[in-house]
Structures are given as structure tokens and as C-alpha cells.
Amino acid sequence: MARHAEIAGAGIAGLGLACQLAESGWTVRVHERSQEVRESGAGIALGQNGVDAMRSIGAFDRAIEGGSQVRYWNIVDQWGRVVQEEHLTSELFSIPRSSLLRALHERALSLGVEVLTGSIVVGVRHGSLLLGEGHEMKGDLIVGADGTGSKVRNALISLGLKVRRIDLKVAGLRACMPAVDTDPSDAMLEWLSGKRRVGLIPLDGKDQVAIYMFCPPEDIGGRKAPIDIDSWSASYPHLRTAFERVPRDSTWGEVWETHCSAWSLGNTVLIGDAAFSMAPNLGQGGCTALQAAITLTQALANSKSVEDGLLAWQAQERQHVDYVQRWSGRYSRLCSKTPAPLLRSRSRLFGAWGRSKRLNDRFAGVEARLVASS
Ligand SMILES: Cc1cc2nc3c(=O)[nH]c(=O)nc-3n(C[C@H](O)[C@H](O)[C@H](O)COP(=O)(O)OP(=O)(O)OC[C@H]3O[C@@H](n4cnc5c(N)ncnc54)[C@H](O)[C@@H]3O)c2cc1C
């Protein structure tokens, strides 16, 4: 008889895993608290491991609709110096989040996954997923893919899981906006100025471009909503026309890092931001979630019991995810906490890191790809 999985959360992690499990013969039900499966209007970068995972899931072509392949990226400091850059030999795509989620959702439905919207998970009990109305959904596998505020993870804490959540003290905003001729069409460009950071990523190369902005939460002028165009233009005069295009309803969010003593307990597993949310600096939060969906399914297929499979998967996957999470956090702290007298040293440090091929390959998910396919 087919094994059955109950998944909390129809985000990148939950739908990615649902597709993989269904493809390998599981029956799968996904519970999404929102009334529809959808993502905010923003862009997301898919590094090599994310690209590989989406191909493996069978939803890559649909996911990159409205996006672009990135050939070059750089980071420029406040003195106009390029501190990091790369002409890419690996694959990197910048795409609308909505395309990625739609592609995963459609693929999941085509594989027979049941996706229930308006279905709120409140925890786990006796190895079952517990819903708001008190229903217990039994499964061979229970998955918490319910994001950084995970209810499934909270339930595991009462069963002995140790969790450390770190507020990175960064406010972040991301949005899609109309493109103009001077916007990048195949390059991801990032600028540092003091404790503020801005990036532009291409989408379809003509109509839409995506922007992200970060600043410390105590930067009152920086984190106004709608954004304070004059304040941001004072830091980045050449980006005024970009700031003027940021949708006025864009909001600022917090950034949290999540560290769990284990990603599973019994037949229950955490994946994606629920297990290992990270600073968004390396564009790997979603990619590692997709990669983890592939490796988790493989580990389950190769193990006698679900519990053994989950343990084997963590042993294999954790080293890479912990590494990316650690470096992502370092980047975040350097960007948002370096005091003014040390900014030139920061530029030199970024430059030194940028020259390391090994670091760049690991960050971009290229090395993860080799591990995954070996
Ligand atoms: C500014 C920013 C930029 C980023 N850029 C990139 C990038 O370029 N590349 C990249 O790979 N990653 C990036 N990331 C990280 C990436 O967005 C996340 O790692 C990824 O979205 C995590 O997916 P998830 O499915 O684990 O969680 P989520 O996307 O949070 O999905 C969780 C889902 O669970 C649902 N849910 C929550 N609670 C419940 C409940 N109780 N019951 C039922 N459903 C529930 C939610 O509604 C949601 O649909 C970025 C993050 C930020 C903040």
C-alpha cells in the first residue's frame, strides 16, 4: 500500500516535497492556511541547486516564466568599487515568486497531491497533524513546512526539540516594479552604503524588475512605509528612479535565523524555513528547501522505516545547510552592523571572500549540486 504524507504549508518547501513524494509513489495531502496558494509580488533567485531541483521536480520551464537567466552579478560599495563580481558559468535564474509557486502547485496537482486551502495546522499529536478544529490527520510522514513561525516546530519543542531563533535585526523589503531601459536585463546588481543595502534583479528583461532593500530596524528614515525616497536617494543618488518605482504598499519584514537541535522527531520532519530559515544574503533559503525536498525523498526511498530515513537525511543534508546558513548570517551582520570607521575594512573583506571560488560555488549551490548527484 502507498505510504501517506500530511504536510503543513503550501510554500516552496511544502509543495516541492509534495511533488517529490507523489512522484515516488506516496499519497500526499498539503494544508495551507491561506485561502489560496500564492506568493507576494517579488522576485527570487534560483541558484544551481534550485535549478537542478526544479528540473528534477519537472516544473522548471513553467517556473522561469517571466524571469531571466542571470549571466553576471556584482556588489558595489559606497565608494563605487566593485567588491565582488562573477561572470557566471553555473546557472542562476531570477524569476517572479508567483511563477515558482504556481509551477510547483500545478505540478503537485498533476501528480495527484491534494492541496487544501483554508486549512490551519495548529500542531502535531501522537504522530499526526493536528488541525484547528481538533481533527487529527494520520500519516506515515508528518511534515512541518509551515515557515519561520512553524506551529509544527512549536509542537515538537514540547516533545524535547531544542530551537534557537535569532532575530538578525534587519528590516527587509522586496517588491516587483515596472522596468525601465537602464535596469539590468541579465545581471543581479547590489549596492552597499553604510548599513543599508539595495539590489536590483532582472525579471523578464523589459516589463518588470525586482528590488530588495535592507536596513537596521532602528534606521527610522530607512524603514518607513511607503519608502522614504529622499532618505534612500541620499544613500544611493543614482537609484532615485528605482526608489520612485517601489510600490507604495510594499512592507518591511523581519529576518530570523532558525537553528533546531534536530529536523525530525519520530515520523515528523521540519523542512524549509520551519527548520532552517536563514538570512537572505546568498539567495539560498528557497533553494536549500527545494534541494532538501529531493534528498529527503531519496533518503525515505532508501530506508526501511520513515524514522531511519529522516535520520539518514539529516546526517547527509545538515552539513551543507548549516554552512550556507552560517555564511549568510555573517554577510547579514557585516552589512547591517559594521560601524562607519570599519566600512573600508568591510569592503576589503568582501573583496577577499569574493575572490574565493570555493566559497562562491558553495554559496551558489554549485557544490551542493555535486554532492547531490554524486
Ligand atoms: C527578502 C528575502 C529575499 C529572499 N531571496 C531569496 C532568493 O533569492 N533565493 C532563495 O532561494 N531564497 C530567498 N529567500 C528565502 C526564501 O524566501 C525562503 O527560504 C522560502 O520562501 C521558504 O519557503 P518555505 O516553504 O519554507 O516557507 P514559506 O514560504 O514561509 O511557506 C510556508 C507556507 O506555510 C503556510 N503556513 C504557515 N503556517 C501555517 C499553518 N499553521 N497551517 C497551514 N499553513 C501554514 C504559509 O501560509 C505559507 O504558505 C529570501 C527571503 C527573504 C526574506
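Everything quoted here is computed from the prediction, not taken from an experiment.

Student: Please set out the overall build of the chain residue by residue, giving values where relevant.
Tutor: When helices and strands are counted, the chain shows 13 helices and 19 strands. Computed over C-alpha atoms, the radius of gyration of the chain comes to 20 Å, within 12% of the 21 Å expected from 2.2 N^0.38 for 374 residues, which places it in the range of a compact globule. Dimensions of the chain, computed from C-alpha atoms along their principal axes, come out at roughly 60 × 40 × 35 Å. Relative to its 374 residues, the chain shows a buried fraction of 49%. When contacts within the chain are restricted to residue pairs at least 6 apart in sequence, long-range pairs at least 24 apart make up 73% of them.

Student: Residue-level account of helix α1 (residues 12-23), with values.
Tutor: The end-to-end C-alpha distance of α1 is 16 Å, a good match for the 16 Å that 12 residues give at a rise of 1.5 Å each. The buried fraction of α1 is high, at 11 of 12 residues. Three or more residues of α1 are buried, namely I12, A13, G14, L15, G16, L17, A18, C19, Q20, L21 and A22. Next to the buried residues of α1 lie β1 (4-8), β2 (27-32), α2 (48-57), α4 (97-110), β12 (141-144) and α9 (285-301). G25, located one to two residues past α1, shows a positive phi value of around 105°.

Student: Got a sec to walk through the nonpolar core? Specific residues and values, please.
Tutor: Counting 104 residues, the largest nonpolar core has L17, A18, V143, I211, I271 and A293 as its most contacted members. At 9 residues, the largest contribution of residues to this core is made by α9. Once you skip the residues sitting within four places of it in the chain, V143 turns out to touch A5, I7, A8, G14, L17, V269 and I271.

Student: Kindly report on the site of the ligand, identifying the contributing residues and their values.
Tutor: Lining the immediate environment of the ligand, one finds 34 residues, of which G9, G11, G147, G272 and G285 sit closest. The dominant element in the shell around the ligand, judged by the number of residues it contributes, is α9, at 4 residues. When grouped by side-chain class, the residues that make up the shell around the ligand number 15 nonpolar, 13 polar and 6 charged.

Student: Please provide a residue-by-residue account of the pairing of strand β6 (residues 82-87), values included.
Tutor: Of the pairings in the sheet, the one linking strand β5 (residues 72-76) to β6 comprises 5 bridges and is antiparallel in character. Looking across to β6, one finds that Y72 is bridged to H87. Where β5 hands over to β6, the hairpin turn is made up of 5 residues, of which G80 adopts a positive phi near 80°.

Student: Explain the sheet that holds β2 to me, using residue names and the numbers behind them.
Tutor: The 6 strands are arranged β8-β2-β1-β12-β19-β18 in an open sheet whose pairing can be described as mixed. For this open sheet the edge positions go to β8 (114-117) and β18 (264-265), each flanked by a neighbour on one side alone. Sheet topology places β12 next to strand β19 (residues 268-270); 3 bridges connect them, and they run parallel. Residue V143 lies in a different strand from β19, and its bridge partner there is V269. The sheet contacts of α1 involve β1, β2 and β12, and relative to β2 the element is tilted by about 165°.

Student: Just give me the short version of the packing of α2 against α9, but keep the residues and values in it.
Tutor: Running from N to C, α2 and α9 cross one another at 45°; their axes reach a closest spacing of 8 Å. When the interaxial angle is binned, α2 and α9 end up oblique. Read as a crossing pair, α2 and α9 show a hand that is left-handed. Of the residues in α9, those touching α2 at N49, G50, A53, M54 and S56 are G286, C287, L290, Q291, A293 and I294. When its residues are assigned to classes, the contact of α2 with α9 shows 6 nonpolar, 5 polar and no charged.

Student: A description of the environment of Q78 should follow, citing residues and the corresponding values.
Tutor: Mapping Q78 onto the fold places it in the loop between β5 and β6. Residues Q78 and P217, spaced 139 residues apart in sequence, show a C-alpha to C-alpha distance of 20 Å. Residues within four places of Q78 in sequence aside, it is in contact with L192, S193, G194 and L343.

Student: Go over the sheet that holds strand β9 (residues 121-125), please, and point to the residues and values.
Tutor: Taken together, 3 strands build an open sheet; the order of strands is β9-β10-β11 and the sheet is antiparallel. Either end of the sheet is taken by a strand with one partner, and the two such strands are β9 and β11 (136-137). Two elements, strand β10 (residues 128-131) and β11, share 2 bridges in a ladder whose sense is antiparallel. Residue pairing in the sheet places L129 in a bridge with M137 of β11.

Student: Explain the environment of N49 residue by residue, including any values.
Tutor: Mapped onto the fold, N49 is located in helix α2. Spatially, the C-alpha atom of N49 lies 7.3 Å from that of T288, the residues being 239 residues apart in sequence.

Student: Account for the environment of L290, with residues named and values stated.
Tutor: For L290, the location among the structural elements is in helix α9. Judged by local crowding, L290 falls into the buried class, with 30 C-beta atoms found within 10 Å. Each residue touching L290, except ones within four places of it in the same chain, is listed here: I12, G16, G50, A53 and M54.

Student: I'd like to hear about the confidence of the model for the chain, residue by residue, with values.
Tutor: Here the chain averages 93 in pLDDT, and 95% of its residues register 70 or above. This stretch, residues 370-374, has a pLDDT under 50; its non-local contacts, to residues over four places away or in other chains, come to 6 contacts.

Definitions and limits used
- Residues numbered from 1 in each chain as written.
- Predicted model: local features only at pLDDT ≥ 70, side-chain atom pairs only at ≥ 80, totals over all residues.
- Helix = DSSP H or I, 4+ residues; strand = E, 2+ residues; numbered from the N terminus.
- Rg over C-alpha atoms; globule rule 2.2 N^0.38 Å.
- Buried ≥ 20, exposed ≤ 12 C-beta atoms within 10 Å, placed from the backbone.
- Contact = placed C-beta atoms within 7 Å.
- Expected span 1.5 Å × (residues − 1).
- Core = buried A, V, L, I, M, F, W, Y, C linked by C-beta atoms within 7 Å.
- Near = placed C-beta within 6 Å.
- Nonpolar A, V, L, I, M, F, W, Y, C, P; charged D, E, K, R; others polar.
- Pairing = 2+ DSSP bridges.
- Axes fitted to C-alpha atoms, helices over the stretch in contact; angles between N-to-C directions.
- Parallel < 35°, antiparallel > 145°, perpendicular 65-115°, else oblique.
- Left-handed = near helix turned anticlockwise from the far one by under 90°.
- pLDDT = per-residue confidence, 0-100.

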